[in-house]
Amino acid sequence: AALSEPLLARDLKTDADSKSSLKSGALCVNLDDAVPQLLAEARHLLQLGVPVPDGAAALLHAAPRLRAHANALTAALATRARLARELPAELRVLLAGHFAQVDGTLGQGLSEFTWASADTPFFLQAVERQLAELGALVHRLKALSEVQLQRALRAVAGTQLLALPKEGRTVALHEFVAMTKEMCARGAAQIDSKMEEAERAVHFMFDALEESSVG
């Protein structure tokens, strides 16, 4: 019975608020906890020369494959969860569709693939490829956002436009106006430059989204 079960199951304890979308915490590897114990007992019986039921023998024969598939699924779910945690809030809307594509592929493990499916390796390869592509996209967008876009916006926010005299110094009104005009001119030039940087970063981000092949 264990081999005919789907690869993945939905963890209802972590999916109580999810009705239509797959969340990383809502999926878990669907390998019965009794399987390792059964395998250990079957090995022990065979070592003693005691015959084991056909089902136990088939399970024992499939043990290396089951272990490899379980490890791959565990790693995939962990990677999906990590990418979601690493994604800045401002990028979640941009990448919602890409995460949905990965979740759609993972969702096939709920019903279409079992531990006995011959096509399971291809399913695991598809999941691994999509996660690798999603990870690369998340890394690239984070770099563009944090290094270029956010840095440019912080520079704009910190631009000084008002020239205040040093403490204890009194200046004439015309001198203050001249100082302020000069400061505003320099500030405006800096703002224009930084806004161009921010605009380029946004264009690079959308180019990265268009070039991505997740799915």
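Residues numbered from 1 in each chain as written. Predicted model: local features only at pLDDT ≥ 70, side-chain atom pairs only at ≥ 80, totals over all residues. Heavy atoms only, no water.

(A) Region of interest: the overall build of the chain. Within the chain one finds five helices and two strands. For the chain, the α and β elements follow one another from N to C terminus as β-β-α-α-α-α-α. In the chain, once contacts between residues fewer than 6 apart in sequence are set aside, the share between residues at least 24 apart is 69%. Carbon and sulfur atoms form 58% of the exposed surface of the chain, whose accessible area is close to 13,000 Å². (Helix = DSSP H or I, 4+ residues; strand = E, 2+ residues; numbered from the N terminus. Contact = heavy atoms within 4.5 Å. Areas by Shrake-Rupley, 256 points an atom, 1.4 Å probe, with all protein chains shown as cover.)

(B) Spatial organisation of the packing of aromatic side chains. Applying the stated criterion across every chain, the model contains one aromatic pair. Ring centres of Phe-113 and Phe-123 lie 4.7 Å apart, and the angle between their planes is 20°; this geometry places the pair in the stacked category. Linking Phe-113 in the loop between α3 (92-107) and α4 (120-157) with Phe-123 in helix α4, this pair joins segments that are 10 residues apart in sequence. Here the two residues Phe-113 and Phe-123 agree in accessibility, since each one is buried. (Phe/Tyr/Trp six-rings, centres within 6.5 Å; stacked < 30°, edge-to-face > 60°. Buried < 20%, exposed > 50% of the residue type's maximum accessible area, 1.4 Å probe, protein only.)

(C) Region of the structure containing the confidence of the model for the chain. Taken over all residues, the pLDDT of the chain has a mean of 77, while the share at 70 or more is 66%. Between residues 15-25, whose pLDDT stays under 50, and residues either more than four places distant or in other chains, the model counts 15 contacts. (pLDDT = per-residue confidence, 0-100.)

(D) Here's a closer look at the pattern of salt bridges. Evaluated as defined, the whole model comprises four salt bridges. A salt bridge links Arg-82 to Glu-86; the nearest nitrogen and oxygen atoms lie 3.2 Å apart. With Arg-82 and Glu-86 both in helix α2 (residues 54-86), this residue pair falls four residues apart, about one helical turn. Residue class for Glu-86 comes out partly exposed when judged on its relative accessible area of 33%. The partner of Glu-133 in a salt bridge is Arg-129, with the nearest N and O atoms 3.5 Å apart. Taken together, the residues span about one helical turn, with Glu-133 and Arg-129 both in helix α4 at a distance of four residues. (Salt bridge = Lys/Arg side-chain N within 4 Å of Asp/Glu carboxyl O.)

(E) Region of the structure containing the environment of His-139. Mapped onto the fold, His-139 is located in helix α4. Residue classification places His-139 among the exposed residues on the basis of a relative accessible area of 59%. Taking the C-alpha atoms as reference, His-139 lies 8.7 Å from Leu-87; in sequence the two are 52 residues apart.

(F) Here's a closer look at the environment of Leu-77. Of note, Leu-77 is situated in helix α2. Taking C-alpha positions, Leu-77 is 7.5 Å from Leu-27, a pair spaced 50 residues apart along the chain. Contacts of Leu-77, omitting those with residues within four sequence positions, involve Leu-8, Leu-27, Cys-28, Val-29 and Leu-106.

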